[in-house]
Amino acid sequence: MTERGKTILITGCTSGIGLETLHLLPRLLPPSPPPTFIIPHRTPSPPPLPPSIPAHSHLLDLASPASIRAFASWFNALGLPLDLLILNAGTLTAERREVRIGQDEEGKERGVEETVWVNVVGQVMLFRLLKGRLRESGRGRVVFVGSALGRRDVRHGGGGFDPHSKLDLLLSPPNWTPMHSYRLSKHLLSHLFLHSHLTFSPHLSITALNPGFIPSSSLHRTASLPRRLAMRVLLPWAPFARTVKQGAEVVVHAAVGVGEGRSGVWVGRDGEEWDVGRGEKGGEGGVDESCWDEEVRGCYVRWVEERVRWGLEAASGMGEEMGGVQR
């Protein structure tokens, strides 16, 4: 049988950490046989790769359930096994918007706050639709790109985050703020990382990471002008700050640096590894303590999976107009 290179799909690879990861990976993987990159993009044209790197690109709007299903159908039609899925997409909106996902049994329109939909629900929906190709590869790995912000208080107004609160209320006015929603999305990803490891290992390898605080990322978009200037000019010099390249190096470590077949590994911003699957919590750089609470984790997983189901139903029952963002 002819040996083949890895097939790699990175969401959010047209800018920031994702784009830098796209440039780093070809240098670190064996050149023969070369890897094949799958490049989803919302922009009119995909980011350039060296001509020697095989690549396929296709439109993907993670804010549209119909677009997610269409992208998955396109990839499945390529007939390629999927070896590496890096869930890197991360959005942060300055004003609250909702992704429309059809209607409930009573005819009321369903919607999910956009940041949490794109960063969590949309990516999990894509994972579900590509799971067969990941298993087919025999060495499939899924990487969750988390954040240190996911460990901290994510409830508006201060105090400890109550995991038993209704997430829909936390994502609605007057509780909603851009950063609150982003932090909550990363908090949810930590729980989904551990859940995915417990569910799919050993058939799939599941890893996750904290790339560190990157001031030049999109987080500065919703800040006030003085804070934006500080994040772009002053904070990059802080000892705790990381560059986009350093963040991408952590992504690459979680993707190909963790031994093949190992699962449940969380990679810290300095490349340290914690075997979360065996109970290693990693302190401040690791996974949030609440991830080990089965009741809390189950609550979050059910909330996400219900909305994934809504998205699948909406995408299969209607056309592209079903997927969209509403202010």
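Conventions and cut-offs
Residues numbered from 1 in each chain as written. Predicted model: local features only at pLDDT ≥ 70, side-chain atom pairs only at ≥ 80, totals over all residues. Heavy atoms only, no water. Buried < 20%, exposed > 50% of the residue type's maximum accessible area, 1.4 Å probe, protein only. Helix = DSSP H or I, 4+ residues; strand = E, 2+ residues; numbered from the N terminus. Pairing = 2+ DSSP bridges. Core = buried A, V, L, I, M, F, W, Y, C linked by side-chain atoms within 4.5 Å. Contact = heavy atoms within 4.5 Å. Expected span 1.5 Å × (residues − 1). Axes fitted to C-alpha atoms, helices over the stretch in contact; angles between N-to-C directions. Polar contact = N/O pair within 3.5 Å; in protein donor to acceptor, adjacent residues only side chain to side chain. Phe/Tyr/Trp six-rings, centres within 6.5 Å; stacked < 30°, edge-to-face > 60°. Lys NZ or Arg CZ within 6 Å of the ring centre and 35° of its normal. Parallel < 35°, antiparallel > 145°, perpendicular 65-115°, else oblique. Left-handed = near helix turned anticlockwise from the far one by under 90°.

### Digging into the pairing of strand S4 (residues 84-87)
Part 1 of the reasoning: The alternating pattern of S4 places Leu84 and Ile86 and Leu85 and Leu87 on opposite faces, both of which are buried.
Part 2 of the reasoning: Relative to S4, strand S1 (residues 7-10) runs parallel, the two being bridged by 3 bridges. Counted as the bridge partner of Ile8 is Leu84 from S4.

### Things to note about the nonpolar core
Part 1 of the reasoning: Within the largest apolar cluster, 56 residues are counted, with the highest numbers of intra-cluster contacts made by Trp117, Phe144 and Trp303.
Part 2 of the reasoning: Dropping the residues within four chain positions of it, Trp117 is found in contact with Leu62, Ala63, Pro65, Ile68, Val99, Ile101, Val112, Gly122, Gln123, Met125, Arg307 and Gly311.
Part 3 of the reasoning: Judged by nonpolar contacts, the second largest core, of 27 residues, contains Ile8, Ile17, Val145 and Ala248.

### Here we look at helix H1 (residues 16-28)
Since one α-helical turn is 3.6 residues long, residues separated by three or four positions face the same way.
Part 1 of the reasoning: End to end, H1 covers 19 Å across 13 residues, agreeing with the expected 18 Å (1.5 Å per residue, within 8%).
Part 2 of the reasoning: Three or more residues of H1 are buried, namely Ile17, Gly18, Thr21, Leu22, Leu24, Leu25 and Pro26.
Part 3 of the reasoning: The inward-facing, buried residues of H1 abut S1, strand S2 (36-41), S4 and helix H7 (244-257).

### Section: the side chain of Thr36
Part 1 of the reasoning: Mapped onto the elements, Thr36 comes out in strand S2.
Part 2 of the reasoning: For Thr36, the contacting residues outside a window of four places in its chain are Lys6, Thr7, Ile8, Pro54, His56 and Leu80.

### Looking at the sheet that holds strand S8 (residues 205-209)
Hydrogen bonds between backbone atoms are what pair the strands of a sheet, whose relative direction is either parallel or antiparallel.
Part 1 of the reasoning: If you trace the 8 strands from one edge of the open sheet to the other, you get S3-S2-S1-S4-S7-S8-S9-S10, paired in mixed fashion. With one partner strand each, in any of the chains shown, strand S3 (55-59) and strand S10 (273-275) form the two edges of the open sheet. Mean inter-strand twist for the sheet, computed between neighbouring axes without regard to direction, equals 20°.
Part 2 of the reasoning: Bridging between S2 and S3 involves 5 bridges; their strand directions are parallel. Across the sheet, Ile38 pairs through a bridge with His56, a residue of S3.
Part 3 of the reasoning: Where H1 meets the sheet, it contacts S1, S2 and S4, and its direction lies at approximately 165° from that of S1.

### So, unusual backbone geometry
Part 1 of the reasoning: That bond from Ser32 to Pro33 is cis: its omega, -5°, falls within 30 degrees of zero.
Part 2 of the reasoning: One can find Pro33 in the loop between H1 and S2.
Part 3 of the reasoning: For the bond running from Ser201 to Pro202, omega is 10°, close enough to zero to count as cis.
Part 4 of the reasoning: Note that Pro202 resides in the loop between helix H5 (178-200) and S8.

### Quick look at the environment of Ser263
Part 1 of the reasoning: By secondary structure assignment, the location of Ser263 is in the loop between H7 and strand S9 (265-267).
Part 2 of the reasoning: For Ser263, a relative accessible area of 11% puts it in the buried group.
Part 3 of the reasoning: Sequence-distant contacts of Ser263, defined by excluding residues within four places in its chain, comprise His197, Ser201, Leu204, Ser205, Ile206 and Asp275.
Part 4 of the reasoning: There is a polar contact of 2.8 Å between the side chain of Ser263 and the side chain of His197.
Part 5 of the reasoning: Engagement of the side chain of Ser263 in a polar contact is seen with the backbone nitrogen of Ile206, the distance being 2.9 Å.

### A word on the packing of aromatic side chains
Part 1 of the reasoning: In this structure the tally under the stated criterion is 3 aromatic pairs.
Part 2 of the reasoning: Judged by centre distance (5.4 Å) and plane angle (45°), the ring pair of Phe71 and Trp74 falls under tilted. Of this pair, Phe71 and Trp74 are both found in helix H2 (residues 65-78), 3 residues apart, which corresponds to roughly one turn of the helix.
Part 3 of the reasoning: Residue Phe71 is classed as buried on the basis of its relative accessible area, which comes to 0%.
Part 4 of the reasoning: A cation over a ring is seen here: Arg128 above Phe127, with NZ or CZ 5.2 Å from the ring centre.

### Topic: the packing of helix H3 (residues 114-137) against H5
Part 1 of the reasoning: At a closest axis distance of 8 Å, the pairing of H3 and H5 adopts a crossing angle of 20°. Viewed along their axes, H3 and H5 adopt a mutual orientation that is roughly parallel. In the crossing of H3 with H5, the sense of the turn from one axis to the other is right-handed. Seen from H3, the contacting residues are Thr115, Val116, Asn119, Val120, Val124, Phe127, Arg128, Lys131 and Arg135; seen from H5, they are Ser181, Tyr182, Ser185, Leu188, Leu189, Leu192, Ser196 and Phe200.

Function-wise, these values are silent; they only describe arrangement.
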